[in-house]
Amino acid sequence: MLGMSQTELGAAIGVTFQQIQKYERGINRVSAGTLQKLAATLSVPITYFFDAPPAESDQSRIVERQDGSLRLQEISTLLIQEGNLESLYRRVLDAAINLMSADMGSLQRFYPEQRELRLLAWRGFHPDSAAFWERVHLESASTCGAALSVGHRVMVPDVDASDFMAGTGDIDAYRQSGIRAVQSTPLVSRSGELLGMISTHWREPHQPIKREFRLFDVLARQAADLIERTQVEAALRESEQRLRWLASIVESSEDAIVSRDIPGIITTWNKGAERLFGYTSDEVVGKPVTILIPSDRHVEERTILERISHGARIENYETVRQRKDGSLVNVLLTVSPVKNAEGKIVGASTIARDITRRKRAESRERMLMAELDHRVKNALASVAMIATSSRHDSSSIDEFARSLDGRIHSMAAAHTLLNQRGRHGVALAALVRNQLAPYAAEASITIRGTELMLTPAAIQAMGMVLHELVTNAAKYGALSVPTGQVSVSWERRQNGNAGANLIFEWREFGGPRTAAEIKSGYGIRLIRELVPYELGGAADLVFAPEGASCRIEFPLRKSETAITEYESA
């Protein structure tokens, strides 16, 4: 061969002198190096070229290998073009069965968290066997369970002679499908991760030779790539779906959600931020976050950024931020560090919630508590004054107890009205009816006036005045006899200061003649002194022979407005 002697050629390629002679008779112009390359290309030992010409069965295997190669090329093309996973799984499985000259086959995917294999596709099984192998665990007596356990291919030439299958449900499943021989090959990613299993099955005892597994292993690599690709694509779809959900949540949030990089430049801006601060996304993205921070709080922002750069998370931090129009808004901040894929902090995400209403409510609560404190102290002072005055004006303990009890009940009734109608005010008509209610069925009482909402302070003062008028009338005046009459009226009259005064009149008729001794009691002094002190007005109390009368006038506040005309009898 090309100047080499038969001895030299034999020594070069490791064959006998007789084999060289045999080869030379057929082909005499192939170098030893070319021969070696040819043997490696065809995946046959070099002695193949020195044996007798291939038998017909060997020629059939060569054709089958060529068909297998073409099938692998077809599968490779489909892996790129095909979009139907189920179809791809079936094609891969069909190729495996054909390459191994098998009768049946299965393709499984591995689930590491459950440590189990699950069927992706199968051919030729009895349905009950397929159901039995729907999920295969490490303890399974099947070849795929054994391969899963040991991490490499497991071949059983005759399942009836297998020790580890004997007496198990797996051997019954094999027999139900008419399986006598089976092999299972793990599908491993290029990084060494177990992805699944591909198995072929024969109806007769069978032992494939190593050469038959070569193309099959190429197919197994393609199947592993397919499963890995589907896993990656599924993870990407899931990640994209999560990102869409998060983006939707962020965009529809009522809270302002803003992110910025470490230098403090705004990078994202949601609709909530637009509503809260007044800027559009185009106006602020790329701008420093300090445009949202009042100048006197820049130190506060630097402190926050310092904590974030060390990985801290700031929660429920109350502060003030500045809107586009320059107005300030109370906000509750939660600031979290943002990390890149390597875990490095590259920015911060801030959730800002408008707490203006809450702050107003808290301020109002503090104001109401202060007012309550003030009113309780005033009420206690009034009770003390009433108790002292009632004691001085009473001739006996019983009289003192009755007068004190009545006056305290009168104050309590005014407080009850305020609680029932709200602390913003009570209608004057409701107060009048409340004080006259015990006598409404015993005397002729007329109530008429423009309905007015009085402030709590005015209601309490007028409640005390009405109580004294009613008590005096019940003891000495029109309410002490069945024939007596009482007329209560009021009106709202403009004054010269662009405001209005309340004119309130109390008149009694048909009662007994007024006794002189009632003219200097505590109740009379209270009426004459309380109206100027509490209401800034005047009280004119007259005890005429035909009955007592009282005219009260005091300025109304703007909140004490007219509602409707009121009249009852």
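Now for a description of the structure that goes with this document. Remember, predicted model here, so these are calculated numbers, not experimental data.

### Looking at the packing of helix 5 (residues 85-99) against helix 9 (residues 210-252)
Now for step 1: For the pair helix 5 and helix 9, the least separation of the axes is 10 Å and the interaxial angle reads 165°. Taken together, the axes of helix 5 and helix 9 are roughly antiparallel relative to one another. Remark: the crossing between helix 5 and helix 9 carries left-handed chirality. Contacts between helix 5 and helix 9 pair Leu-85, Leu-88, Tyr-89, Val-92, Ala-95, Ala-96 and Leu-99 from the former with Leu-215, Phe-216, Leu-219, Ala-223, Leu-226, Arg-229 and Thr-230 from the latter.
Now for step 2: In terms of residue class, the contact of helix 5 with helix 9 is made up of 12 nonpolar, 1 polar and 1 charged.

### With respect to the pairing of strand 15 (residues 500-509)
Now for step 1: Counted residue by residue, strand 15 has 7 buried out of 10 residues, so it is predominantly covered.
Now for step 2: Pairing geometry for strand 14 (residues 485-494) and strand 15, over 10 bridges, is antiparallel. Residue pairing for strand 15: Val-486 is matched across the bridge by Glu-508.
Now for step 3: The loop that links strand 14 with its antiparallel partner strand 15 comprises 5 residues; one of these, Ala-498, has a positive phi angle of about 60°.
Now for step 4: Sheet analysis places strand 15 next to strand 17 (residues 547-555), joined by 7 bridges and oriented antiparallel. Bridge pairing links Arg-507 to Ser-549 in strand 17.

### A closer look at the side chain of Ser-140
Now for step 1: Inspection of the secondary structure assignment puts Ser-140 in the loop between strand 3 (135-137) and helix 7 (143-150).
Now for step 2: The exposure class assigned to Ser-140 is buried, which follows from its relative accessible area of 17%.
Now for step 3: Those residues in contact with Ser-140 that lie beyond four places of it in its chain are Gly-145, Ala-146 and Asp-170.

### Structural notes on the sheet that holds strand 9 (residues 314-322)
Now for step 1: Read across the open sheet, the 5 strands follow the order 8-7-11-10-9; overall the sheet is antiparallel. Two strands bound the open sheet, and with one partner strand each, they are strand 8 (266-269) and strand 9. Between one strand axis and the next, the sheet turns by 30° as a mean value, whatever way the strands run.
Now for step 2: Seen against the sheet, helix 12 (residues 298-309) touches strand 7 (256-261), strand 9, strand 10 (328-339) and strand 11 (345-354) and runs at an angle of roughly 150° to strand 9.

### As for the nonpolar core
Now for step 1: Counting 43 residues, the largest nonpolar core has Val-432, Leu-436, Trp-490, Phe-504 and Trp-506 as its most contacted members.
Now for step 2: Ignoring anything within four residues of it in the chain, the contact list for Leu-436 reads Ile-445, Ile-447, Val-470, Leu-479, Val-488 and Trp-506.
Now for step 3: Of all hydrophobic cores here, the second largest spans 26 residues; its members include Val-92, Leu-107, Trp-202 and Ala-223.

### As for the sheet that holds strand 5 (residues 181-188)
Paired through backbone hydrogen bonds, the strands of a sheet run either parallel or antiparallel to each other.
Now for step 1: Ordered by their spatial adjacency, 6 strands build an open sheet running 3-2-1-6-5-4, and the pairing between neighbours is antiparallel. A single partner strand is all that each edge strand has here, and the edge strands are strand 3 and strand 4 (154-156). Neighbour to neighbour, the strand axes of the sheet diverge by 25° on average, direction disregarded.
Now for step 2: Bridge analysis of strand 1 (residues 104-111) against strand 6 (residues 194-202) gives 6 bridges, and the strand direction is antiparallel.

### Here's the deal with the packing of aromatic side chains
Now for step 1: Tallied over the entire structure, the rule returns 8 aromatic pairs.
Now for step 2: When the centroid spacing of 5.8 Å and the interplanar angle of 5° are considered together, the rings of Trp-122 and Phe-125 count as stacked.
Now for step 3: Take Phe-125: its relative accessible area is 7%, and that puts it in the buried class.
Now for step 4: Three or more aromatic residues link up through ring pairs in this structure, and these residues are Trp-122, Phe-125, Phe-132, Trp-133 and Tyr-174.
Now for step 5: Its guanidinium or amino end placed over the ring of Tyr-111, Arg-118 lies 4.0 Å from that ring's centre, counting from NZ or CZ.
Now for step 6: Cation over ring: Arg-153 sits above Phe-213, and NZ or CZ is 3.9 Å from the ring centre.

Analysis parameters
Within every chain, residues take consecutive numbers counted from 1 along the sequence as written. Local features are withheld for residues below a pLDDT of 70 in this predicted model, meaning they are given only at 70 or higher, and side-chain atom pairs are given and counted only at 80 or more; totals for whole chains, interfaces and linings count all residues. Side-chain measures were taken over the full set of non-hydrogen atoms in the model, leaving aside hydrogen atoms and water. Axes here refer to lines fitted to C-alpha atoms; in helices the fit is confined to the stretch in contact. Angles between the N-to-C directions go from 0 to 180 degrees. A run of H or I in DSSP becomes a helix once it reaches four residues, and a run of E becomes a strand once it reaches two; helices and strands are each numbered from the N terminus. Throughout this description, any angle smaller than 35 degrees is read as roughly parallel, any larger than 145 degrees as roughly antiparallel, any in the 65 to 115 degree range as roughly perpendicular, and the remainder as oblique. We call a crossing left-handed when the near helix sits turned anticlockwise from the far one by less than a right angle, and right-handed when that turn is clockwise. Contacts were defined at the residue level, with two residues in contact if any of their heavy atoms lie within 4.5 Å. Nonpolar residues are Ala, Val, Leu, Ile, Met, Phe, Trp, Tyr, Cys and Pro. Charged residues are Asp, Glu, Lys and Arg, and all others, Gly as well, are polar. Exposed residues in this analysis have more than 50% of their type's maximum accessible area, buried residues have under 20%, and partly exposed residues fall in between, with area computed by a 1.4 Å probe over protein chains only. A pair of strands counts as paired when DSSP detects no fewer than two bridges linking them. Nonpolar core, defined: a set of buried Ala, Val, Leu, Ile, Met, Phe, Trp, Tyr and Cys residues in which side-chain atoms within 4.5 Å join the residues together. Between the rings of Phe, Tyr and Trp (Trp by its six-membered ring), a pair exists once the centres lie within 6.5 Å; its type follows the angle of the planes, with under 30 degrees stacked, over 60 edge-to-face, and the other angles tilted. Look at NZ for Lys and CZ for Arg. If either is within 6 Å of the ring centre and within 35 degrees of the ring normal, a charge sits over the ring.

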